[in-house]
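One-letter residues, chain by chain:
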Amino acid sequence: MVSLLKVMWKLKVPPKIKIFVWWLIISRMPTKDQLISRGVTNISTNHIIEFCRIHPETLNHLFFLCQVLKMIWGWILSWLGDGIHLTIEELMDFGSIQEKVKNANVRNKINTIWIATTWSLWLMRNAMIFENVSYSFDVLCSNMLFLYWRWLACSNPLSLSSFYDWYKLPLECRGSRFDLVQFQQKFVLFYQPIVPLDLSIMESP
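What this report covers is the structure whose coordinates are included nearby. What you see is a predicted model; the values in this text were computed from it and never measured.

**Here's the deal with the overall build of the protein chain**
In terms of regular secondary structure, the protein chain is built from 11 helices and zero strands. Put simply, of all contacts in the protein chain between residues at least 6 apart along the chain, 56% involve residues at least 24 apart. Accessible surface, the protein chain as shown: approximately 10600 Å² in total, 56% of it carbon and sulfur.

Encoded structure:
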């Protein structure tokens, strides 16, 4: 059986993000159900997940079962294309990615997308709770895209194509030297995120 923690530690993402994924894999995220079980009573009357406002917030429901957020995973699956041969359930399961995707280069990229997606979900969840921000599908997708591109650029700046080519073929990033300033200008022009990105995790892995 593949060690998910070993896979995660080898990925070229910032240390702060690796800690987040570690907590996620070992089910130690401070979700509302976990906080209530630890005696944090000030949230006991508001234990509902922020996105669908129906079910209690648990780790699995927050990241993978909420019907509102499944739309994000569905969009990512469509964006990646049919060539990866994954169902939406397999894309959401970090372990299934390791088993189903045989090409190591493609697998590493999908792993990084998985991490960028879960981190973006967590950032949006926190903004909704602590800053009274409204849910936005567009912001979640744009933040995930920016993080994936940024981490990819930091790990191998010579392997990236233009932004347009990358967006069309996200798993086939090849071409000219990466120009971060040019990318940021084009990214903001296309997406204009409503919630500012957490720039503290933009440093090189």
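There's plenty left to go through after this.
**Quick look at the packing of aromatic side chains**
A complete count under the given rule lists 11 aromatic pairs for this structure. Centre to centre, the rings of Phe20 and Trp119 are 5.0 Å apart; their planes meet at 75 degrees, and the pair counts as edge-to-face. Pair noted here: Phe20 is in helix H2 (residues 15–25) and Trp119 is in helix H8 (residues 104–130), with a separation of 99 residues, a long-range link. Each member of the pair Phe20 and Trp119 is classed as buried.

**Description of the pattern of salt bridges**
Enumeration over the complete set of coordinates arrives at four salt bridges. Close ionic contact of Glu57 with Arg125 constitutes a salt bridge, the shortest N to O distance being 2.7 Å. With Glu57 in the loop between helix H3 (32–37) and helix H4 (59–65) and Arg125 in helix H8, this pair connects stretches of sequence that are 68 residues apart. Across the pair, exposure class does not vary: Glu57 and Arg125 are buried alike. When the shortest N-O distance is used, the salt bridge between Glu90 and Lys100 registers 3.6 Å. With Glu90 in helix H6 (residues 88–92) and Lys100 in helix H7 (residues 94–100), the pair connects residues that are 10 residues apart, well separated along the chain. Residue class for Glu90 comes out buried when judged on its relative accessible area of 17%. Note on Lys100: relative accessible area 45%, which makes it partly exposed.

**Side note on the side chain of Thr118**
Within the element layout of this structure, Thr118 appears in helix H8. Filtering out sequence-adjacent residues up to four positions away, Thr118 remains in contact with Phe20, Leu24, Phe63, Phe64 and Trp73.

**A look at the environment of Arg53**
Here Arg53 is to be found in the loop between H3 and H4. Looking at Arg53, the relative accessible area reads 47%, which means it is partly exposed. Through-space distance from the C-alpha of Arg53 to that of Cys66 is 9.8 Å; in sequence the pair is 13 residues apart. In contact with Arg53, other than residues within four places in its own chain, are Asn46 and Ile48.

**Some words on the side chain of Arg107**
Along the chain, Arg107 falls in helix H8. The buried charged residue Arg107 lacks any salt bridge, with Glu99 as its nearest oppositely charged partner at 11 Å. Ignoring sequence-local partners within four residues, the contact set of Arg107 consists of Ile97, Gln98, Val101 and Lys102.

**Here's the deal with the packing of helix H5 (residues 67–80) against H8**
Close contact between H5 and H8 brings their axes to 12 Å; oriented N to C, the two are set at 155 degrees. Compared by their axis directions, H5 and H8 come out roughly antiparallel. Crossing of H5 against H8: the hand is right-handed. Of the residues in H8, those in contact with Leu69, Ile72, Trp73, Ile76, Trp79 and Leu80 of H5 are Ile113, Trp114, Thr117, Thr118 and Leu121. Taken together, the residues of the contact of H5 with H8 sort by class into nine nonpolar, two polar and no charged.

Scoring rules and cut-offs
- Residues numbered from 1 in each chain as written.
- Predicted model: local features only at pLDDT ≥ 70, side-chain atom pairs only at ≥ 80, totals over all residues.
- Heavy atoms only, no water.
- Helix = DSSP H or I, 4+ residues; strand = E, 2+ residues; numbered from the N terminus.
- Contact = heavy atoms within 4.5 Å.
- Areas by Shrake-Rupley, 256 points an atom, 1.4 Å probe, with all protein chains shown as cover.
- Phe/Tyr/Trp six-rings, centres within 6.5 Å; stacked < 30°, edge-to-face > 60°.
- Buried < 20%, exposed > 50% of the residue type's maximum accessible area, 1.4 Å probe, protein only.
- Salt bridge = Lys/Arg side-chain N within 4 Å of Asp/Glu carboxyl O.
- Lys, Arg positive; Asp, Glu negative; His and termini not counted.
- Axes fitted to C-alpha atoms, helices over the stretch in contact; angles between N-to-C directions.
- Parallel < 35°, antiparallel > 145°, perpendicular 65-115°, else oblique.
- Left-handed = near helix turned anticlockwise from the far one by under 90°.
- Nonpolar A, V, L, I, M, F, W, Y, C, P; charged D, E, K, R; others polar.

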